[in-house]
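Per-entry structural report
The lines below spell out each chain.
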Amino acid sequence: MKIDDLNLDYYSDFLGEKEIRFYTNSKNIPFQRNIQKNSDGTSTEYLLKQGENGIYFFSLWEGYFYSLISELNVIPISPDLPEFITNWIKSIGWSSEDVPDIISENEIDWLIEKTVLVNEKVFENSTDLVWDFKCITDLIIFLKFVKENDMELRISLE
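A short tour of the structure in this document, coming up. (Residues numbered from 1 in each chain as written. Predicted model: local features only at pLDDT ≥ 70, side-chain atom pairs only at ≥ 80, totals over all residues. Heavy atoms only, no water.)

The tally for this structure, following the rule as stated, stands at eight aromatic pairs. Pairing phenylalanine 58 with phenylalanine 142 gives two aromatic rings, centres 5.5 Å apart and planes at 35 degrees, and the pair type is tilted. With phenylalanine 58 in strand 5 (residues 55-61) and phenylalanine 142 in helix 4 (residues 134-148), this residue pair connects regions lying 84 residues apart in the sequence. Side by side, phenylalanine 58 and phenylalanine 142 carry an identical accessibility label, which is buried. (Phe/Tyr/Trp six-rings, centres within 6.5 Å; stacked < 30°, edge-to-face > 60°. Helix = DSSP H or I, 4+ residues; strand = E, 2+ residues; numbered from the N terminus. Buried < 20%, exposed > 50% of the residue type's maximum accessible area, 1.4 Å probe, protein only.)

Listed below in structure tokens is the structure:
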């Protein structure tokens, strides 16, 4: 995936912490984790690398994701929230053992709209340097790229 000047990795500085991954792939490429069978009959999952199995991802430290969700003012949970956010708040799914939640086109639109508002209203006018504001700008660009190219989008906690 080629997006000029876009950082897709806002996690590597936080190794050992929880990571949120927005996985994307063309709709004609099935989403497939990187699972290998072991000789003893068990299987081992290896995190996908960019482009592996035709899948790309935007990685985000969970602390950044939590900060974004907090700024969206989605707690308490309302019925019009995207299911993937409700699942994250309730800790449903969102583990490496689960299939990542697929994000619908309407949810992508919702996330882009709300994230743009947060970016404009809070982060661009803030002097608070607690976290890297560029990750939200790059997330918006990534989400728009997914939408414009009619790709599937999933989210998972790694």
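Moving on to the sheet that holds strand 5. Backbone-to-backbone hydrogen bonds join strands into a sheet, with any given pair of strands oriented parallel or antiparallel. Pairing in this open sheet of five strands is mixed, and the strands run 1-5-2-7-6 from one edge to the other. The open sheet has two free edges, formed respectively by strand 1 (9-10) and strand 6 (101-102), since each of these has just one partner strand. Judged from the two bridges that link them, strand 1 and strand 5 form a sheet pairing that is parallel. Paired with tyrosine 10 across the bridge in strand 5 is leucine 60. (Pairing = 2+ DSSP bridges.)

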